[in-house]
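Observations on chain architecture
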Amino acid sequence: MISIKNLLNSYDLTKKDLLEIIDLGNEIYKSPDKFSHCADGKILGTLFFEPSTRTRLSFESAMLRLGGSVVGFSDAGVSSSTKGESLADTVRTVSQYADIIAMRHPQEGAAFLASKTADCPIINAGDGGHQHPTQTLTDILTISNYKKDLSGHVIGLCGDLKYGRTVHSLLKVMSLFPNNKFILISPDELKLPEYVKKEVFADGNNNYEEVRSLDDVMDKLDILYMTRIQKERFFSQAQYTRLKDSYLLDKEKLKMAKKDCIVLHPLPRVTEIATEVDSDPRAVYFKQVKFGMYVRMALILKLLEANNDRNN
Ligand code: CP
């Protein structure tokens, strides 16, 4: 059984928790029909205060494929938050109906706050520029399927490392596994924040380098994690316009990569990966989308189990 009651932050996951979820995700991926009644009678609440395609729909598909049901909203404008209801009250209310809640919110720490008043497990489906732990589970399940081992890789993370919450979560988790080396590829203005570096590399593991150019490091990478420049987090439109086309992965550039390098992207993409790359077998980002559903099925089952045990 996993050690956590909620999934708020990828930092809360122990290596054992992570491997338990990934192993179950793999089992579900291989035989999804075996799990089609595992959440019969259970309800997932989806509270999305920010736009989403993959995260919300994969959570909903995950619960439906487990035999459960879904209630919720994808636009806070149709909820009573427009009448001034606090987040704490909204979450407490929905937790009277639902057995588990997945929540996305623009404010950092919103999922943590929600967990304080909810009467059911809370899953952070993205809180501002802070964390996106279920994207990390998606990324890890994808990597484990293509690379077999989660250790000993050179991992390039490219793009908006400042606001890209998926990068923050992934770095922490991949640093739990030995001999991974990280190459942080970004413009100076979008470098990984110091607070993330302190959290991720706190134990003296400073197995990382920071570079500006993707071309210079392309041939070293086992895994390339591309990210979009996060327009919605910029305070200055002029700065966004200047930085938005910092990187472009196209067929020509991919020629420099190793034959077994895999390219991941949490999606949505904007212009950072040309669509001509999609047909390259190393481009696994749409497979990653599907792994996201299987790993969320696993997470729902694990959290329901952990909370069931506590309640009995
Ligand atoms: N990767 C991801 O979080 O996508 P959505 O914003 O579409 O949910």
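Residues numbered from 1 in each chain as written. Predicted model: local features only at pLDDT ≥ 70, side-chain atom pairs only at ≥ 80, totals over all residues. Heavy atoms only, no water.

The protein is annotated in an unreviewed UniProt entry as Aspartate carbamoyltransferase from Anaerococcus tetradius. Regarding the protein, the relevant UniProt record gives this comment under Sequence similarities (unreviewed entry): "Belongs to the aspartate/ornithine carbamoyltransferase superfamily. ATCase family." If you open the UniProt record of the protein and go to Function (unreviewed entry), you find "Catalyzes the condensation of carbamoyl phosphate and aspartate to form carbamoyl aspartate and inorganic phosphate, the committed step in the de novo pyrimidine nucleotide biosynthesis pathway." (UniProt positions renumbered as here; feature names shortened; annotations may be inferred.)

In this section: empty space enclosed by the protein. The final tally for this structure, using the stated rule, is two cavities of 30 Å³ or more. Each pocket or cavity is described by its volume, and for the largest cavity that value is around 80 Å³. Looking at the largest cavity, the residues that line it are R54, T55, S58, Q135, T138, H265, P266, Q288, V289, G292 and R296. Those elements that place two or more of their residues in the lining of the largest cavity are α2 (54-65), α5 (133-147) and α10 (285-311). No other element matches α10, which puts four residues into the lining of the largest cavity. (1 Å grid on protein atoms, 1.4 Å probe; cavity = no way out; pocket = protein on both sides within 12 Å on 5 of 7 lines; lining within 4 Å. Points joined across faces, edges and corners; volume = space filled by probe spheres on them. Helix = DSSP H or I, 4+ residues; strand = E, 2+ residues; numbered from the N terminus.)

One way to see where empty space is left: roll a probe the size of a water molecule over the atoms. In this structure, the largest pocket occupies an estimated 360 Å³ of space. Around the largest pocket, the lining is made up of 21 residues, and of these R104, R165, R228, L267 and P268 lie nearest the centre.

Two strands in a sheet stick together by hydrogen bonds in their backbones, pointing the same way (parallel) or opposite ways (antiparallel). With parallel pairing, four strands are arranged side by side in an open sheet as β2-β1-β3-β4. Looking at the sheet topology across the chains shown, the edges are occupied by β2 (69-73) and β4 (122-127). Within the sheet, the average angular offset between the axes of one strand and its neighbour, ignoring direction, is 15°. The sheet contact formed by strand β1 (residues 43-48) and β2 spans five bridges and is parallel. Across the sheet, residue L47 finds its bridge partner in β2, namely F73. Each of β1, β2, β3 (100-105) and β4 is contacted by α2, which is oriented at about 175° to β1, the strand it contacts most. (Pairing = 2+ DSSP bridges. Axes fitted to C-alpha atoms, helices over the stretch in contact; angles between N-to-C directions. Contact = heavy atoms within 4.5 Å.)

Another point: the site of the ligand. The local shell around the ligand consists of S52, T53, R54, T55, R104, H132, Q135, P266 and L267. Take P266: an N or O atom from its main chain is 2.8 Å from a nitrogen atom of the ligand. One nitrogen or oxygen atom from the main chain of L267 is found 2.9 Å from a nitrogen atom belonging to the ligand. Calculation on the ligand without its partners gives an accessible area of 250 Å², and the protein chains cover 91% of this total. Its atoms largely coinciding with the cavity grid, the ligand occupies the largest pocket. (Near = heavy atom within 4 Å. Polar contact = N/O pair within 3.5 Å; in protein donor to acceptor, adjacent residues only side chain to side chain. Areas by Shrake-Rupley, 256 points an atom, 1.4 Å probe, with all protein chains shown as cover. Sits in = over half its atoms within 2 Å of the grid points.)

Moving on to the packing of helix α1 (residues 15-30) against α5. Orientation of α1 relative to α5, taken along the N-to-C sense of each, is 65°, at an axis distance of 10 Å. Compared by their axis directions, α1 and α5 come out roughly perpendicular. By crossing handedness, the relation of α1 to α5 is classed as right-handed. Of α5, the residues touching α1 (which contributes L18, I21, I22, G25, N26 and Y29) are L137, I140, L141, S144 and N145. Partitioned by chemical class, the residues of the contact of α1 with α5 number seven nonpolar, four polar and no charged. (Parallel < 35°, antiparallel > 145°, perpendicular 65-115°, else oblique. Left-handed = near helix turned anticlockwise from the far one by under 90°. Nonpolar A, V, L, I, M, F, W, Y, C, P; charged D, E, K, R; others polar.)

Position of Y163 relative to the elements: it lies in the loop between β5 (154-158) and α6 (165-174). On the basis of relative accessible area, Y163 is assigned to the buried category, the value being 13%. As a C-alpha pair, Y163 and F291 span 128 residues in sequence and 24 Å in three-dimensional space. Filtering out sequence-adjacent residues up to four positions away, Y163 remains in contact with G129, L190, Q230, R233, F234 and F235. Separated by 3.4 Å, the side chains of Y163 and K162 make a polar contact. (Buried < 20%, exposed > 50% of the residue type's maximum accessible area, 1.4 Å probe, protein only.)

If you check the domain split of the protein, you get domain 1 (15-131 + 290-310) and domain 2 (134-289). Across the contact, 29 residues belong to domain 1 and 28 residues belong to domain 2. In this assembly, domain 1 packs against domain 2 so that about 2200 Å² is buried in total across both faces, 60% of it on carbon and sulfur atoms. Considering only the surface of domain 1 that becomes buried against domain 2, L18, R54 and F291 emerge as the three largest contributors, covering 29% of it. The tally of links from domain 1 across to domain 2 stands at one salt bridge. We note a salt bridge from E50 to R165, for which the minimum N-O separation is 3.5 Å. Applying the counting criterion to the domain 1 and domain 2 interface returns 12 residue pairs in polar contact (both at pLDDT 80 or more). (Domains from an automatic or database assignment. Buried area = accessible area lost by both parts, 1.4 Å probe. Salt bridge = Lys/Arg side-chain N within 4 Å of Asp/Glu carboxyl O.)

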